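# Understanding the architecture of this molecule
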Amino acid sequence: ADRLIVPTSIGREPGSPGPATMLLLEHINLFIPDPELGRRFYEALGLQLNRESTNHRQVHLNAGFSQMHLVMKRNIRPGDPVEVPQRWLGEVELWSQEDKSIIIQRLQADDMLVAAGVTVEEEVEAGGAWVLLVQGPWEVRKTWRITPAPAGFADALRSSGKGHNCGFAGIVAMSRISHPCRPGSAELIADFYRTILGSNEVEVKENDTSSAGGSLKLKKASVVFRMNDTLPPQYLDFEEQEDAPPADAFDHDEVVKYHVCLYMKSDADFQNSYQQAERAGLVWVNDRFEGDPANPLASARTWEEAEAAQQYRVKDLRGLDSERPGLVLEHEIRSWRHFRCPLLPAQKL
């Protein structure tokens, strides 16, 4: 059978404690009211439309082995249309194999994008590499940071797995995602990744900025994702900011009710993470995916359901011994065996 060969911790069995490495930060899911505008913007950035998984409810666009999911229907049943667009509150860094002039031309030549307030600004990093900072439709700041992909990255990616249907275009990776969090919450979020998901690559350090008065040292929790030993890692950063929304904004504000999806690297890691989440009372059901018994992406309520679907959901990011979450942000947590994993099959056994 075709399957991905993934390294597991030596001697680890489901239910046994031990460190895990996160496999893939796979997608961001945003509600949008206008699929045509959303599609044209992300294609202008260099993402590839995934025609096979795009349908009347959502648009999928590939960014290497990661994706953007743009959803036009708030729920599976009855399929209410999205009215309030969601905005990612942090920054998303994308690696491109195209020349910057091509991206700028696409963004500035589309009248629909210009009328929607899309802007692009060019900067030069200390080492001389170019950076494009882009503000998209419905956004109030420059969310998208595009930089050149490392030499040979696209070819190395192609040899790492089948990828998503329809492949990829100019954008070859979602290399880093950041999200703001309240001062004092980075350690709480890191504790979630360590004690619930079992990650052995979570670092908390002082952020580049301090509080306005300088008395409070702001921190950043950085989670590492590794597809294999040859590709550069991805990063999910939670950055403390004084103007960050309340930790539970997800529960009250439609604009930030988005989610991220990530993949676990082994069967043991996936089962252990579910058991820890269940023990902490964190397993969560998102009603948006309910209403269709045949939906393979519905929320799991038990280990049997999680094992059958190869995924489950949580939203309160807190550790086993924490009483409050550092952040409320829906996580769709999947096993590497999930039918949509772009790393399957990497090679045949």
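Just so it is clear, the structure is predicted and the values come from calculations on it, not from any experiment.

What follows covers the packing of aromatic side chains. Here the structure, examined in full by the defined rule, presents twelve aromatic pairs. Taking 5.3 Å as the distance between ring centres and 85 degrees as the angle between the ring planes, the aromatic pair formed by Tyr42 and Trp144 counts as edge-to-face. Remark: Trp144 occurs in strand 9 (residues 144–148) and Tyr42 occurs in helix 1 (residues 35–45); sequence separation between them is 102 residues. In this structure, Tyr42 and Trp144 share a single accessibility class: buried. Aromatic side chains Phe270 and Trp303 sit 5.8 Å apart centroid to centroid with 50 degrees between the ring planes, which places their arrangement in the tilted category. Of this pair, Phe270 sits in helix 6 (residues 267–279) while Trp303 sits in helix 7 (residues 303–309), and the two are 33 residues apart along the sequence. Using a relative accessible area of 2% as the deciding quantity, one classes Phe270 as buried. A connected cluster of aromatic rings, assembled from ring pairs, spans Phe270, Tyr274, Trp303 and Tyr312. Just above the ring of Phe250 sits the side chain of Lys257; from NZ or CZ to the centre is 5.1 Å. The positively charged end of Arg313 is found above the aromatic ring belonging to Phe289, 3.8 Å away from the centroid.

What follows is about the side chain of Gln311. Turning to its location among the elements, Gln311 is positioned in strand 15 (residues 311–317). For Gln311, a relative accessible area of 1% gives the class buried. A distance of 3.0 Å separates the side chain of Gln311 from the side chain of His338, its partner in a polar contact. The contact partners of Gln311, leaving out residues within four places of it in the chain, are Phe270, Leu297, Ala298, Ala300, Ala306, Glu332, Ile333, Arg334 and His338.

Counting buried positions along strand 15 yields six of seven residues, so the element is predominantly enclosed. Where strand 15 lies against strand 16 (residues 327–334), six bridges are found, and the strand directions are antiparallel. The residue of strand 16 that forms the bridge with Tyr312 is Ile333.

This brings us to the packing of helix 1 against helix 2 (residues 100–109). The angle between the axes and the distance between the axes are what describe a pair of packed helices. Where helix 1 meets helix 2, the closest approach of the two axes is 8 Å, and the angle between their N-to-C directions is 160 degrees. The orientation of helix 1 with respect to helix 2, classified from their angle, is roughly antiparallel. Residues Phe41, Glu43, Ala44 and Leu45 of helix 1 touch helix 2, and the partners they reach there are Ile103, Arg106 and Leu107.

The next point concerns helix 2. For an α-helix, 3.6 residues make a turn, and residues three or four places apart therefore share a direction. What helix 2 keeps buried is the set Ile103, Ile104 and Leu107. Along helix 2, the residues classed as buried sweep out an arc of 95 degrees about the axis, all on the same side. Where helix 2 is buried, its residues touch helix 1, strand 6 (92–96), helix 3 (111–115), strand 7 (119–124), strand 8 (130–135) and strand 9.

Moving on: the side chain of Gln58. Considering the arrangement of structural elements, one finds Gln58 in strand 4 (residues 58–63). A distance of 3.4 Å separates polar atoms of two side chains, one belonging to Gln58 and the other to His60. In this view, Gln58 contacts Ser53, Leu70, Val71 and Met72; residues no more than four positions away in its chain are not counted.

Among the nonpolar cores identified, the biggest contains 70 residues, and Tyr42, Leu45, Leu107, Tyr193, Phe238 and Tyr312 are the most heavily contacted of them. Look past the residues within four positions of Leu45 in its chain and what remains in contact with it is Leu94, Ile103, Arg106, Leu107, Val134, Trp144, Ile146 and Ile171. With 19 residues, the next largest nonpolar core counts Phe65, Ala149, Val172 and Ala173 among its residues.

On to the environment of Leu236, then. Inspection of the secondary structure assignment puts Leu236 in strand 13 (residues 234–240). With relative accessibility at 1%, the residue Leu236 sits in the buried group.

A separate point is the layout of surface pockets. Roughly 370 Å³ of volume is contained in the largest pocket. Leu89, Gly90, Arg141, Pro180 and Gln241 are the residues nearest the centre of the largest pocket, which is lined by 22 residues in total. Among the elements that take part in the lining of the largest pocket, strand 10 (residues 171–181) stands out by supplying four residues, more than any other. When grouped by side-chain class, the residues that make up the lining of the largest pocket number nine nonpolar, five polar and eight charged. Its boundaries defined by the atoms lining it, the second largest pocket holds a volume of some 220 Å³. Phe31, Arg74, Lys257, Asn286 and Arg288 are the residues nearest the centre of the second largest pocket, which is lined by 13 residues in total.

Here is what the cut-offs are and how they apply
Residues numbered from 1 in each chain as written. Predicted model: local features only at pLDDT ≥ 70, side-chain atom pairs only at ≥ 80, totals over all residues. Heavy atoms only, no water. Phe/Tyr/Trp six-rings, centres within 6.5 Å; stacked < 30°, edge-to-face > 60°. Helix = DSSP H or I, 4+ residues; strand = E, 2+ residues; numbered from the N terminus. Buried < 20%, exposed > 50% of the residue type's maximum accessible area, 1.4 Å probe, protein only. Lys NZ or Arg CZ within 6 Å of the ring centre and 35° of its normal. Polar contact = N/O pair within 3.5 Å; in protein donor to acceptor, adjacent residues only side chain to side chain. Contact = heavy atoms within 4.5 Å. Pairing = 2+ DSSP bridges. Axes fitted to C-alpha atoms, helices over the stretch in contact; angles between N-to-C directions. Parallel < 35°, antiparallel > 145°, perpendicular 65-115°, else oblique. Arc of directions from axis to C-beta. Core = buried A, V, L, I, M, F, W, Y, C linked by side-chain atoms within 4.5 Å. 1 Å grid on protein atoms, 1.4 Å probe; cavity = no way out; pocket = protein on both sides within 12 Å on 5 of 7 lines; lining within 4 Å. Points joined across faces, edges and corners; volume = space filled by probe spheres on them. Nonpolar A, V, L, I, M, F, W, Y, C, P; charged D, E, K, R; others polar.

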